[in-house]
Amino acid sequence: MARDRVPPHRFSEVRTLGRGREEVRQMFRTIMVPLDGSALADYALTCAAPLAGRLGAVLHLVRVVEPSAAWSASPIMGSPYIPDRFDDETIRAMAEAADTHLQATARRLTQTGLRVQVARLDGFTTPALLDYERSARIDLVAMCAHGRGGLARLAFGSVADCLVRQGSAPVLRVRSFGAPAVFPQALVPLDGSARAEAALDLVGQLARHQVVHEVRLLRVIGAAEEGPEAEAYLAAVARRLERPGLVCRYQVVMGEVARSIREQAGADQLVVMATHGRGGLARIVRGSMAEEVARGNVAAVLTVREAPVMPANLSVLPTQPEHARVRDDMLSRSSG
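Residues numbered from 1 in each chain as written. Predicted model: local features only at pLDDT ≥ 70, side-chain atom pairs only at ≥ 80, totals over all residues. Heavy atoms only, no water.

A closer look at the overall build of the chain
Quick note on the threshold: Strands here are runs of E lasting at least two residues and helices are runs of H or I lasting at least four, both read from the DSSP assignment and numbered beginning at the N terminus. Think of it in three bands: residues with accessible area under 20% of the maximum for their type are buried, residues over 50% are exposed, and the middle band is partly exposed, with areas taken using a 1.4 Å probe on protein chains only. By definition in these notes, contact holds between two residues if any of their heavy atoms fall within 4.5 Å. Note on areas: these come from Shrake-Rupley sampling with a 1.4 Å probe, and a residue is covered only by the protein chains present in the view.
Regarding its fold elements, the chain presents 13 helices and eleven strands. Scored against the burial criterion, the 336 residues of the chain give a buried share of 53%. A fraction of 82% describes how many contacts in the chain between residues 6 or more apart in sequence connect residues 24 or more apart. Accessible surface, the chain as shown: approximately 15,600 Å² in total, 52% of it carbon and sulfur.

So, in structure tokens, the structure goes:
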């Protein structure tokens, strides 16, 4: 491995020839795609469907019918009181529309040879999705960056944070426009910490299943004197990722972290990152900069947890006081 300083305009390359390490976790067998009836939310399938076909995974199409959405669907939204009959009719119509959309989407996907399951959930969006993820043993959640109704919040709000922090599965956020992500290439931002390296095991599995053929390791630094140590670190990580047929590149750049990741990812690259780290990367995955990375022109961002936390069963609709307590708890977790 060359010890010369890496020019900032290109990636140093390690073309792997040795045998890769054994993977300790299984690859995705079940992929959940939350939908809301909009074409924007359906766009997540441009990534989820090919990935499911490549891995032989089962696609779980899930749509939540949320009671509070009946108010926004009501022509008398501003009224302090909605008759029970009208409320029931509105929710019933929403449920029928959800079922129709799920079945039509499933038929279209099964015609391409994919295995598909559908589920309409009744409840509040966040706990319903978390509970389904647990009960169905979901290995990956794929969702679009934009939607309507509940999914508009899910993309870059408290619901997304809860799925990442409280769920047990990695979350793939897909851009809702443009060409799909190029899965053979993956950009992995690292900050030198073992926690950030949690993404490497997932990338290794994707490489083993021939989903990813090229890995680009990126380290963003704040001062030039950090360069040699950062390059030596990335070179060592590249050697650890050695696998037949896999090309590992690495690069150190200086600048603002989120902007640098977006620039290196371009418009078609998959970015894989862990939920914990230190320094700039820790700020990205824990706060608004995570949204900033995915909100740009990045095709897809795959976020993996360092240590999953199993959520409680919250699928049953709570009473109003319980709903307030659950909401406050989620808000406190998100802010923490």
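Topic: the side chain of His60
The residue His60 is located in strand β3 (residues 58-65) in this model. His60 has contacts with Thr30, Ile31, Met32, Val33, Gln117, Tyr132, Ala136 and Ile138, leaving out every residue within four places of it along the chain.

Some remarks on the environment of Leu302
Its location among the elements puts Leu302 in strand β11 (residues 300-304). Residue classification places Leu302 among the buried positions, given a relative accessible area of 4%. Those residues in contact with Leu302 that sit more than four places away from it in its chain are Leu140, Pro170, Val171, Leu172, Leu202, Leu206, Leu270, Val271, Val272 and Met273.

A few points about the environment of Val247
On the secondary structure map, Val247 appears in strand β9 (residues 247-254). Residues Val247 and Glu214 lie 33 residues apart in sequence; the distance between their C-alpha atoms is 4.8 Å.

Observations regarding the pattern of salt bridges
Here is the rule: One side-chain nitrogen of Lys or Arg within 4 Å of one carboxyl oxygen of Asp or Glu is enough to make a salt bridge.
Inspection of the entire model under this criterion finds eight salt bridges. Measuring nitrogen to oxygen at the nearest pair gives 2.8 Å for the salt bridge that ties Asp99 to Arg120. Placement of the pair is Asp99 in helix α4 (residues 84-110) and Arg120 in strand β4 (residues 115-122), with a sequence separation of 21 residues. Overlapping salt bridges bring together Asp99, Arg120 and Asp122 as one network.

Considerations on the nonpolar core
The test is simple: In this text, buried Ala, Val, Leu, Ile, Met, Phe, Trp, Tyr and Cys residues form a nonpolar core when linked through side-chain atoms within 4.5 Å.
With 62 residues, the main nonpolar core has Ile31, Val33, Leu59, Leu172 and Leu217 as its most contacted residues. Not counting chain neighbours up to four residues away, the residues in contact with Ile31 comprise Ala48, Leu51, Ala52, Ala57, Val58, Leu59, His60, Leu140 and Ala142. Membership of the second largest hydrophobic core comes to 17 residues, among which are Val62, Ala128, Ile138 and Leu163.

Some points on the packing of aromatic side chains
Put simply, the rule reads: Pairing of aromatic side chains requires ring centres within 6.5 Å, counting the rings of Phe and Tyr and the six-membered ring of Trp. Pairs whose planes differ by under 30 degrees are stacked, by over 60 edge-to-face, and all others tilted. Only when the NZ atom of a Lys or the CZ atom of an Arg is both within 6 Å of the ring centre and within 35 degrees of the ring normal do we say a charge sits over the ring.
Applying the stated criterion across every chain, the model contains zero aromatic pairs. Over the face of the ring belonging to Phe177 we find Arg175, whose NZ or CZ atom lies 5.2 Å from the ring centre.

A short note on the environment of Val220
Along the chain, the position of Val220 falls in strand β8 (residues 214-221). As for Val220 and Leu190, which are separated by 30 residues in sequence, their C-alpha atoms are 7.9 Å apart. Excluding residues within four positions of it along the chain, Val220 makes contact with Leu190, Val253, Gly255, Glu256, Val257 and Ser260.

With respect to the state of the cysteines
The cut-off we apply is this: When two cysteine sulfur atoms lie within 2.5 Å, the pair is treated as a disulfide.
What the rule picks out here adds up to zero disulfides. In this model Cys47 remains outside any disulfide bridge; the closest cysteine sulfur is found in Cys144, 8.7 Å from its own. Assessed through its relative accessible area of 6%, Cys144 is described here as buried.

Quick notes on helix α9 (residues 227-240)
The criterion, for reference: One less than the residue count of a helix, multiplied by 1.5 Å, gives the span that helix is expected to have.
Counted at 1.5 Å a residue, the expected span for α9 with its 14 residues is 20 Å, and the 20 Å between its end C-alpha atoms agrees. Taken together, the buried positions of α9 are occupied by Gly227, Ala230, Glu231, Tyr233, Leu234, Ala235, Val237 and Ala238.

Examining the confidence of the model for the chain
Basically, it comes down to this: Each residue carries a pLDDT score, the predictor's own confidence in it, on a scale running from 0 to 100.
Looking at the chain as a whole, its pLDDT mean stands at 75, while 67% of the residues score no less than 70. Note on residues 307-336: pLDDT under 50 across the span, and 34 contacts to partners over four residues away in sequence or across chains.

Some words on the pairing of strand β2 (residues 30-35)
Using the following cut-off: Strands are treated as partners if at least two bridges between them are detected by DSSP.
Summarising burial for β2: six of the six residues are buried, a large majority. Relative to β3, β2 runs parallel, the two being bridged by six bridges. Counterpart to Val33 in the pairing with β3 is Leu61. Relative to strand β5 (residues 140-144), β2 runs parallel, the two being bridged by two bridges. Opposite Met32, over in β5, you have Val141 as the bridge partner.

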